[in-house]
Amino acid sequence: REAGDAGLGMTLEANEPSRIYISGVGGEGTAVSRYNEAALKECRIRDGDYVVGVMGHVAEQMPAVMQVVEQQDFEVTIQRGEVRTFVVVTGGAMLGLGLQYHPAGASLAITSVDDSGAAKGSGADIA
């Protein structure tokens, strides 16, 4: 980060304990925009990625770490998001998925799969 910059340049959604979803990247003059300009295309931070660590700390410790990040240069560990499609035929049964979402509604996480639910019974490899 540089003095007087326009912030981090990431919109973050902390809806999982082990990682933070990046729902938006942008803004001129931000730390992320400067990084992305210099990085190879495949190494750029993008929407749909996850922050899994900051300055060697895991996501569970990030609220405290993010206060420090606002004031200095930082190192972030990114995990690429994965998009998978499953077809679940419910036959009127309960889906059987524990779901968690961010209030902004940009991401949805499957937190559990019930063995008696339609998702598990359909043979979908949802873990």
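All of these numbers come straight from a predicted model, not from anything done at the bench.

### So, the overall build of the protein
Part 1 of the argument: Scanning the protein from terminus to terminus reveals three helices and seven strands.
Part 2 of the argument: Scanning the protein from its N terminus toward the C terminus, one meets helices and strands in the order β-β-α-β-β-α-β-β-β-α.
Part 3 of the argument: Sequence separation of 24 or more characterises 53% of the internal contacts of the protein that already satisfy a separation of 6 or more.
Part 4 of the argument: When the accessible area of the protein is evaluated, it comes to approximately 8100 Å², of which 52% is carbon and sulfur surface.

### Some remarks on the pattern of salt bridges
Part 1 of the argument: Within the structure shown, the criterion is met by two salt bridges.
Part 2 of the argument: The shortest N-O distance in the salt bridge between Arg46 and Asp49 comes to 4.0 Å.
Part 3 of the argument: We classify Asp49 as buried; its relative accessible area is 1%.
Part 4 of the argument: Between Asp49 and Arg80 there is a salt bridge, and its shortest N-O distance comes to 2.3 Å.

### Regarding the nonpolar core
Part 1 of the argument: Core analysis: the largest hydrophobic core is formed by seven residues, namely Met10, Ile20, Ile22, Val32, Ile45, Val51 and Val54.
Part 2 of the argument: Elements represented by at least two residues in this core include exactly strand S2 (20-25) and strand S3 (50-54).
Part 3 of the argument: Among all residues touching Ile22, those that are not within four sequence positions of it are Met10, Thr11, Leu12, Ile45, Arg46, Asp47, Gly48, Asp49, Val51 and Ile78.

### Things to note about the side chain of Asn36
Part 1 of the argument: Topologically, Asn36 is positioned in helix H1 (residues 31-38).
Part 2 of the argument: When near neighbours in sequence (up to four residues on either side) are disregarded, Asn36 contacts Val25, Arg44 and Ile45.

What counts and how
- Residues numbered from 1 in each chain as written.
- Predicted model: local features only at pLDDT ≥ 70, side-chain atom pairs only at ≥ 80, totals over all residues.
- Heavy atoms only, no water.
- Helix = DSSP H or I, 4+ residues; strand = E, 2+ residues; numbered from the N terminus.
- Contact = heavy atoms within 4.5 Å.
- Areas by Shrake-Rupley, 256 points an atom, 1.4 Å probe, with all protein chains shown as cover.
- Salt bridge = Lys/Arg side-chain N within 4 Å of Asp/Glu carboxyl O.
- Buried < 20%, exposed > 50% of the residue type's maximum accessible area, 1.4 Å probe, protein only.
- Core = buried A, V, L, I, M, F, W, Y, C linked by side-chain atoms within 4.5 Å.

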